[in-house]
Structure formats: C-alpha cells, structure tokens
Amino acid sequence: MKKQNHILNPDTPLLHQDHSKPISRRDFIAQGFAAGLGTFFSGSLFSLFSSPLQAQSTLSSDLEALKQSCGIATAGAGKIPFICFDLAGGANIAGSNVLVGGPNGQMDFLSTEGYSKLGLPGDMIPPIANTQTGLSDFVNSELGLAFHSDSQFLQGILEKVSVTNRANINGAVIPARSENDTGTNPHNPMFGINRVGADGSLLSLVGSRNSDSGANSMSPDSLFDAAKRPTKIDRPSDVTGLVDTGDLVGLLDQSDAVAVMESIQRISDMKLNSVSTQISRDDVLKDLVRCGYVKTADITDRFGNPDNLNPMTDPLITGDNAIFTAEELNQDGEFRKTASIMKLVLNGYAGAGTITMGGFDYHTGDRATGEIRDLRAGRCMGACLEYAARLGVPLMMYVYSDGSVASSGMIDDSEFGRGKGVWTGDNSSTSASFFLVYNPQGTPQLLGATPEQQAKRQQIGYMRRDASVETASGPAANNVNLLVETVILNYMALHGEQGNFANLFPMHGLGNARLMDSLIAFEPIA
C-alpha cells in the first residue's frame, strides 16, 4: 500500500491518537511543542570563571605568575571535546540511517522483513547489489561507519562536512533497547565524561535544556554531580551573557580597563601583606581575596570584547564560505543552538555539551515528517564535525534517542517521503545509538587485526534478523545505564585511558577486563 500525506514543517508539534496529552516538559519537547528552552543564566558568577583557549592579550608578568597558583586555567583540560545529540521522542537510527546487522557487523545483513520494519522497502535494502559493480547502491561508508545511502542524517552531515574532512571521520553503532517516551531513560553521559577529565576553561558542562542533565533524557543516578550541573545554553545571547565585565570596559577601552584592574590587584596585595585579619586561616582568606582580583583582571583581559565568545561573529561559523549562512542562523533556532554549543565545547570553553532537538516522536502516519527532521539533525551534526575540522581539534560526537519507531510496510511516495516505509508506531526493540569521531591527524583506526574483527568492533552488539535488538549481544543491549558506561569507556579509550575505568567507576556493570576490551571500537587518537 502507498500513502501520501501533507508535509509538516520540522517545527510543527506532533499529535498522536495513541499518546496521552503532553503534561510534563519532557512530553512537550518529545512531541515538538517546545524546543528545549529554559531560563537564562547570566554571568553573575563571572569571578569563578577562567580563560578560553586563545587569549586575546596577556596580563602583566606579575599577574600572569599568579594565575597558576590561583588555579586559573589557560585552556580546557586537554581532553577530546565531546558533544552529544539528544533526539527527543524516539527517532529512527537503525537501518534507515545507520546500518545495523547481525553478529558479524553492519554488513551481516538482516532479512527483508527486518528492513521493512526499519522503514526500508524491498527495493532499497542494503543486500541488493548493483549488477555492474557488484556493490550495493544503498550502502555509504564515506564516514567510515556505514549508513544507508539515502539516510537523511547522512545527507545532512555531508552537506556540512567537506570531502577532505570526511576522510578523518569514523564511527561505531550500538544496538540497544530503549523504552519509548519515558522519563526513566538515563541516556545522558555528561557527568561521566566530566568525571574522566573533560572540563572547560569557562564551564565544565553545557546543555540546551534547563534540566539536571542539560538534556531531555536524564543522567544515570550513579553519575550525577550537582556541583557540575550543566549551564543552559541554547542561543548566542546565552554564550555572550556568560561573562559580564561591568561598566568599566564601556567607560574605558579594553586595555585601559585591564590596566585599572591590575593596579587594583597590586594595591590590594600591598595592603594584604601589611595587615593581619586576626583569623586563624589568615593565609587562606588572603589568597581568596588576592585571587578574586586576579581572576577579575583575567576576565576583563580575555573577554572585554564580547565578540570573542559570540558564535554569530565567528567567521568559521557564519560568513563567506562558513559552516552556516546568515539566513540559516537567522531563520532556524536549532542551527543557532548548535552554533552556540559547538562554539563553547570545541574552543575549550566547556568540556562537553548536549544539544537537545525536539519533535522526534514522528510516527505520524507518513514518512516525510521524519525525513525532514532527520535532515536538519544531520546538518547540525555535520556542522559540529566541520567546525572541529576547521579548528583542527578532535571531536567525539554521540547521538541517542529515547526509544525508536517502526514501519508497517506502507509506503510514502511523496517528494519527501522518498518511497520509504511510513512510521506507524513506537518500538523500543529497534533502538540504537551511534558515535562519530573526528581526528585531525588522520582516520580513526578500528581495533582488530582483520576486517572481520574490525567489523565487530564497529558494531557493539547486534540485531536479530527481524530487526529486533538481540538483548544478549552485549551489556548495553538491554540496559541504558550500561549503554552510557559503554560510551564513556570508548571516550576513555580514545585517550588510551580505558585501564582506569574501573577505578573511576568501581560499581560499573561492564564485566571483566576482557569483556570491556571487546566493547571498545577505536585505537587511541590523543
């Protein structure tokens, strides 16, 4: 059967007869009624912040010498930047986007019926070989990880990532069950990524939602750290509002304002050296006062010009030959959100960040709605990868969703339906997550001595031939908490630090060292 439907704008809320009316904020985001907005955080705690990767100028030598003793960072923590996409509502990832196969990897193809459940009609399934080339026209491995050639995630990524930079990307997919439309999905790995060392010079973590995890999905309880709760960032004004240098920079130019701050610090220091506070911890109190002035001078030195943080004035992000056109940023809040998060994370101002995109509960009785939303998500993913490449820094990008969808086999032949299967309902058994790694030094290399061994590293777990996750295929397959641990383990392995996993996460559920090793996809890149 074939079905044609009118096309929904990617920002149009989704209404389902089989779903109750949205009540919680999470419900509103999953169905596209909200885009992950939250209250605005200003820079009222600016004296606690430190500096970005690239100083615009330098403080006088005496104050520079004090920065290290005051714990003022001059860069991030030296870890690989980490960005994850939370596609709220239960997006399709397996099959129609990233290929998922049986025990032998992505190319261990599923049944025709299985691919139909994943939204692919019989004439578009990966096993079909071109009679002239002997290869499938429906498999694309330009990014190392195999996608369906008509994946809209892939099309969006390729629109943003240059051909040259694609060669330095590789990835892995993790088939793993995830319950649909529930707030108990602890998908977000931010606190674990921070625990292993990811940190920024301004902020530890950022997220586009005002929630404990900074995302739509919650964080595992065992990882939560209230002191590292992500700062809400979903627009450029949130970024520029992180630092407030007061009125002095407006009255004086930046260099004069810095000179005033330096003078105040020296005068204060002279006074502190000549008096006693009569407090038992006199030295501690004096250090707090002294470092407060040093930090204030440093903030003014580095951020007196707010354009230094503004993604809307970054020539790599917007402008001639930039990642986004001015029109894209002006017309689409998801692009502005992505630009804001990637600006902070990839420049080392934040250690890791989550971009939540709403409206992925798209079993709307057509295919076009999901395809359009997947395409926009792919463009946002590609923007992060391309920005990393233009900055010359590595990136691990993780994509997950709370649940998934399935098709009954009905076809949407509309322009944007593309002749694929209609999404007709939620289905937790077709869920998967994936991550892509960009390495400026070359293609990330899969572990394994043979192509067959590498194929099993690139797909951590597998599906049955009917496109249901094999729940015995790995620790992550039927446990979202262990899915998060698997992602964190792979992040550590990119640094060659997987041997310390059990020390940092003593209550982990990934098994012994041999089993954990089998869950790692790539050789170190850092």
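Residues numbered from 1 in each chain as written. Predicted model: local features only at pLDDT ≥ 70, side-chain atom pairs only at ≥ 80, totals over all residues. Heavy atoms only, no water.

Q: I'd love a proper account of the side chain of Ser-468, names of residues and values included.
A: Relative to the helices and strands, Ser-468 resides in the loop between helix H14 (451-458) and helix H15 (480-494). For Ser-468, the residues in contact, after removing those within four places along its chain, are Lys-117, Ser-429 and Met-463. (Helix = DSSP H or I, 4+ residues; strand = E, 2+ residues; numbered from the N terminus. Contact = heavy atoms within 4.5 Å.)

Q: Let's hear about the sheet that holds strand S6 (residues 203-207): which residues, and what values?
A: Sheet architecture is open: seven strands sit in the order S5-S12-S9-S2-S8-S6-S7, paired in mixed fashion. Bordering the open sheet on either side are strand S5 (169-175) and strand S7 (231-232), each of which pairs with just one other strand. Pairing of strand S2 (residues 82-87) with strand S9 (residues 395-401) involves six bridges; the strand directions are parallel. Bridge pairing links Leu-87 to Ser-401 in S9. Against the sheet, helix H13 (residues 368-391) touches S2, S5, strand S8 (350-357), S9 and strand S12 (432-438), its axis set at about 165° to S9. (Pairing = 2+ DSSP bridges. Axes fitted to C-alpha atoms, helices over the stretch in contact; angles between N-to-C directions.)

Q: Can you lay out the packing of aromatic side chains for me, pointing to particular residues and giving the numbers?
A: All chains considered together, the criterion is met by nine aromatic pairs. Considering the side-chain rings of Phe-147 and Phe-434, the 5.9 Å spacing of their centres and the 85° angle between planes classify their relative orientation as edge-to-face. Within this pair, whereas Phe-147 is found in strand S4 (residues 145-148), its partner Phe-434 is found in strand S12, the two being separated by 287 residues in sequence. Using a relative accessible area of 0% as the deciding quantity, one classes Phe-434 as buried. These aromatic residues form a ring-pair network of at least three members: Phe-147, Phe-153 and Phe-434. The ring of Phe-335 has Lys-160 sitting right over it, with the charged end atom 6.0 Å from the ring centre. (Phe/Tyr/Trp six-rings, centres within 6.5 Å; stacked < 30°, edge-to-face > 60°. Buried < 20%, exposed > 50% of the residue type's maximum accessible area, 1.4 Å probe, protein only. Lys NZ or Arg CZ within 6 Å of the ring centre and 35° of its normal.)

Q: Give me the pattern of salt bridges: which residues, what numbers.
A: When their charged atoms lie close together, side chains carrying opposite charge are able to pair. One pass over the full model with this rule turns up 19 salt bridges. Lys-160 is paired through a salt bridge with Glu-328; the nearest N and O atoms lie 2.9 Å apart. Here Lys-160 is found in helix H4 (residues 152-160), whereas its partner Glu-328 is found in helix H11 (residues 326-331), with 168 residues between them in sequence. When salt bridges that share partners are traced, they join Asp-150, Arg-367, Glu-371, Arg-418 and Lys-420 into one network. (Salt bridge = Lys/Arg side-chain N within 4 Å of Asp/Glu carboxyl O.)

Q: An account of the packing of H4 against H13 is needed here, citing residue identities and associated values.
A: Relative orientation of the contacting elements H4 and H13 amounts to 40°, with a least axis distance of 6 Å. By the angle class used here, H4 and H13 are oblique. Handedness of the H4/H13 crossing: right-handed. When H4 is examined against H13, the residues Gln-152, Phe-153, Gln-155, Gly-156, Ile-157, Glu-159 and Lys-160 are found in contact with a partner set consisting of Glu-371, Asp-374, Leu-375, Ala-377, Gly-378, Arg-379, Met-381, Gly-382, Ala-383, Leu-385 and Glu-386. Grouping the constituent residues of the contact of H4 with H13 by class yields seven nonpolar, five polar and six charged. (Parallel < 35°, antiparallel > 145°, perpendicular 65-115°, else oblique. Left-handed = near helix turned anticlockwise from the far one by under 90°. Nonpolar A, V, L, I, M, F, W, Y, C, P; charged D, E, K, R; others polar.)

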